[in-house]
Amino acid sequence: METKTQAQKNYGGLDLFRMAAALLVAAIHTSPLASVNSSADFFFTRVLARISVPFFFMVTGHFVLSAVFFQMNSGTSRLKKHLLRLSVLYAASILLYLPLGIYAGHYKNLTPGNALRMLIFDGTFYHLWYFPACILGMSIIYVLSRFLNLRDVTFISALLYILGLFGDSYFGLTEKVPAMSAMYNAMFRLFSYTRNGLFLAPLFLVLGIWAGHSFTSLSDTDFLDNGPAVLKSAAPGKNRPALSLPPSLRDAVFLLLSFCAMTAEAFTLRFFKLQRHDSMYFFLAPTAFFLYRCLLSVPRSSRKALRTASTWIYILHPAFIVVIRGAARLLHLTNLLVNNSLLHYLAVVCLSTAAGLVMAHLSNQLAKKIVLPGNMPLCLSKKTFFGENIAICPGTERAWIELNINALEHNVRFLQSRLPVGCRLMPAVKADAYGHGAVPIAKELSRLGIRDFCVACAAEGIRLRQAGIKGQILILGYTHPSQFPLLHRYRLTQTVVDYPYAEKLWHSGLKLHVHIAVDTGMHRLGIRCESPEQIAAVYQMKNLSTDGIFTHLSACDSPAPECRAFTQKQIQAFYQVTETLRKNGCRCRGFHLLSSYGILNYPEAAEDYVRPGIALYGVSGGEKMPFGDSLQPVLSLKARVASLRTLQPGESAGYGLDYIAAQETRIAVLAIGYADGLPRELSSRGGNVLINGKKAPIIGRICMDQTLIDISGLSRISQGDIAVIIGASGTQEITAAELAGQCSTITNEILSRLGARLNRILFW
Ligand SMILES: *Cc1c(COP(=O)(O)O)cnc(C)c1O
């Protein structure tokens, strides 16, 4: 029933409560406080314990039906598997309770109609109604999901629940209206209660999806495991404390409030004798919802044994009630074990729990036998070395990145000066802001008045939100449908990458912000510009707020005539699409076409936004960038000398005898390697570093964490000295473009690969 990812998550709170819920169901069937006080018993069994079955439905909704809405294809197969499993359990339970049912006279007047009614709605033994209810409820939700989105399905489920309420706890009111009373009485010929798969189950199944939303698939912490600590050399400690209630506390408060309301509701209905049955209350829905969210925030790992045990307690406890009654009669202990309701309940609890745990153990043994070897657990979380609370004095690390914030500001102002008024910069801070560190860069950009950002994926967007970045964050790439709830939760704007994807976004029913990508010739992402009707259809999707529409120019960096002609064609194609949309009455807004080279080469196509990346970081991609000289590089890469030594002629250094000293050679070991993002081929391509304002060649093969340099000509270099890999030292400078040229790649690749292991230091 669970996927691997989910099995490792912290669902311990749910598993624990499953046990409690199973024991509460047993309480409903034994009325433990009946011999103490009837109001207390009512509270315990008809109010508190009424949370348990809805809770079970919610678990199913969360783990099985979420997939139907958010994962489409795999969701259906998961649903089928679960339905099969439920049917098998139901069939087995029917057989198990057949003798008891016959003994109790349940099947005396068994007509085919009666049998069907029992099988589908009431259950063949009193507690077994749960299985057909779950199967029926899931089937209803599944069928609805084929035509409607989650919001609409929720609405219908809520209506069904309200309909059910008036045949359950509120039937006293219904009876007063003759037409209603007649209608419900007709329904009661089909089923004994409205507490079944038609009226009760759908709402809680759907609530399980909503409650589980933010917790499905990868949790936030899995996303955010490698955030760098930002050490500011100026203005330290600007972190604001959060003033609002933490979400789990808020959920707990809501749980308490709704449960109090539900208790008041139940006692009022009881006082006025309105209840025909007492399974359904208005406030049961919020109570169950907030309880579920509270349980999800319990930081305990999952316990499969408890899950299995609770199922068996649910199935077996009525049998133990019979066993205890029989045994008590035989042993003449009826007064003690049956008439004392509390002892009776405890006996049932003990026997059922013991049986449940035995069954869990047995099924675990069975599972062990069929586990395939090599079934290694997936390791999802990665501990970071630079946690927020590890204090490292700026500049004392082995290697680091320095960010010149004045240069960043200069670049922002320069780009803005090239753009028409009203055109907003929407900087690309994807790939950790091209290796610069997305959080510090986005924070500084915000300070400079930037309100819109582009990232590549949801995880990057969430990280920015958690760092307190406000404004619009556009995800330029694909997000798996199971993560749509995260888009909603973190107010991230999703790119519509093609038309089928738009349908998935629509199908989620979530209120989401999107920008439509239009494919005008790059043929990477976007709805083709040849299909404006598909683009128009996205504007019709009610749950999607289409805040923008854009295209990406694939050859705007090149001055070659054919590239210029192609770019012009792309730009025209985009305007044609927006024109067509406008003619058809689409209220489209938020246009953008230009990345860095587009801004510099085609400023006339600047619309509502532009998406500069590399230009903002002040890195010109070689000679090709016009005005490249007007930009200032933001990033420098530095590393310390870890050790010094002198090689005798003929001695080798580094891996693979790649370097052999021709004469006596003084070398230094720098504490930076390819794991930090230094390209490994650099040493064989004539790479240098700067130390004390002088060039020193890289020698041997670059290692994962160390790099060797030849410092023979240089004097006075000692351990701990700083070498510059990218940036200036004295009158010398090594640019990212130079490095990229040596490695036959572009600056974007060099920069974006600079590792998560490096700290960022900001200076002004
Ligand atoms: C990365 C990216 C950008 C930024 O590109 P630069 O060339 O670095 O300015 C803009 N738009 C899209 C769609 C991108 O993927």
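Residues numbered from 1 in each chain as written. Predicted model: local features only at pLDDT ≥ 70, side-chain atom pairs only at ≥ 80, totals over all residues. Heavy atoms only, no water.

Trainee: What should I look at first to understand the packing of aromatic side chains in this one?
Mentor: The geometry of an aromatic ring pair is captured by two quantities: the separation of the ring centres and the angle between the planes. Scanning all chains against the criterion turns up 32 aromatic pairs. Pairing Phe 171 with Phe 188 gives two aromatic rings, centres 5.6 Å apart and planes at 70°, and the pair type is edge-to-face. Here the residue Phe 171 occupies a position in helix α9 (residues 171–174), and Phe 188 occupies one in helix α10 (residues 178–190), the gap between them amounting to 17 residues. Exposure class is identical for Phe 171 and Phe 188. Each is buried. Judged by centre distance (5.9 Å) and plane angle (90°), the ring pair of Phe 574 and Phe 591 falls under edge-to-face. Residue Phe 574 is located in helix α25 (residues 561–583), and its partner Phe 591 is located in strand β10 (residues 591–592); the two are separated by 17 residues in the primary sequence. Residue Phe 574 shares its accessibility class with Phe 591, and that shared class is buried. (Phe/Tyr/Trp six-rings, centres within 6.5 Å; stacked < 30°, edge-to-face > 60°. Helix = DSSP H or I, 4+ residues; strand = E, 2+ residues; numbered from the N terminus. Buried < 20%, exposed > 50% of the residue type's maximum accessible area, 1.4 Å probe, protein only.)

Trainee: Got a minute to help me understand a nonpolar patch on the surface in this structure?
Mentor: Where nonpolar side chains cluster on the molecular surface, the patch consists of Leu 330, Leu 331, Leu 333, Leu 336, Leu 342, Leu 343 and Leu 346 and spans about 640 Å² of accessible area. Ranked by residue count, the leading element in the nonpolar patch is helix α17 (residues 341–370), at 3 residues. Of note, Leu 336 is situated in helix α16 (residues 334–339). For Leu 336, a relative accessible area of 46% translates into the label partly exposed. (Patch = residues over 30% accessible without salt bridge, like charges linked within 9 Å, V, L, I, M, F, W, Y side chains within 5 Å. Areas by Shrake-Rupley, 256 points an atom, 1.4 Å probe, with all protein chains shown as cover. Salt bridge = Lys/Arg side-chain N within 4 Å of Asp/Glu carboxyl O.)

Trainee: It is not clear to me how the nonpolar core should be interpreted in this structure. Could you clarify?
Mentor: Nonpolar side chains tend to gather and get buried jointly when the protein is soluble and globular. Ranked by internal contacts, the top residues of the largest apolar core, which has 228 residues, are Phe 57, Phe 204 and Ile 549. Tallying contributions element by element places helix α4 (residues 52–70) first for this core, with 12 residues. Ignoring anything within four residues of it in the chain, the contact list for Phe 57 reads Trp 129, Tyr 130, Ala 133, Cys 134, Leu 200, Ala 201, Phe 204 and Leu 205. Leu 647, Ala 661, Ile 667 and Leu 708 belong to the second-largest nonpolar core, a separate cluster that totals 8 residues. (Core = buried A, V, L, I, M, F, W, Y, C linked by side-chain atoms within 4.5 Å. Contact = heavy atoms within 4.5 Å.)

Trainee: Is there a simple way to explain the site of the ligand in this structure?
Mentor: Near the ligand you find 13 residues, and of these Lys 430, Tyr 434, Ser 596, Arg 611 and Gly 613 are the closest. The side chain of Arg 611 places a nitrogen or oxygen atom 2.8 Å from a nitrogen atom of the ligand. The backbone of Ile 614 places a nitrogen or oxygen atom 2.9 Å from an oxygen atom of the ligand. In terms of residue class, the shell around the ligand is made up of 5 nonpolar, 5 polar and 3 charged. (Near = heavy atom within 4 Å. Polar contact = N/O pair within 3.5 Å; in protein donor to acceptor, adjacent residues only side chain to side chain. Nonpolar A, V, L, I, M, F, W, Y, C, P; charged D, E, K, R; others polar.)

Trainee: Quick question: what am I supposed to make of unusual backbone geometry here?
Mentor: The phi torsion of most residues other than glycine is negative, and most of the peptide bonds are trans. Of note, the phi angle at Asp 432 is positive, near 55°, even though the residue is not glycine. Here Asp 432 shows up in helix α19 (residues 430–434). Notably, Leu 657 is not glycine yet its phi reads approximately 50°, a positive angle. The topology assignment puts Leu 657 in the loop between β13 (652–653) and β14 (659–660).

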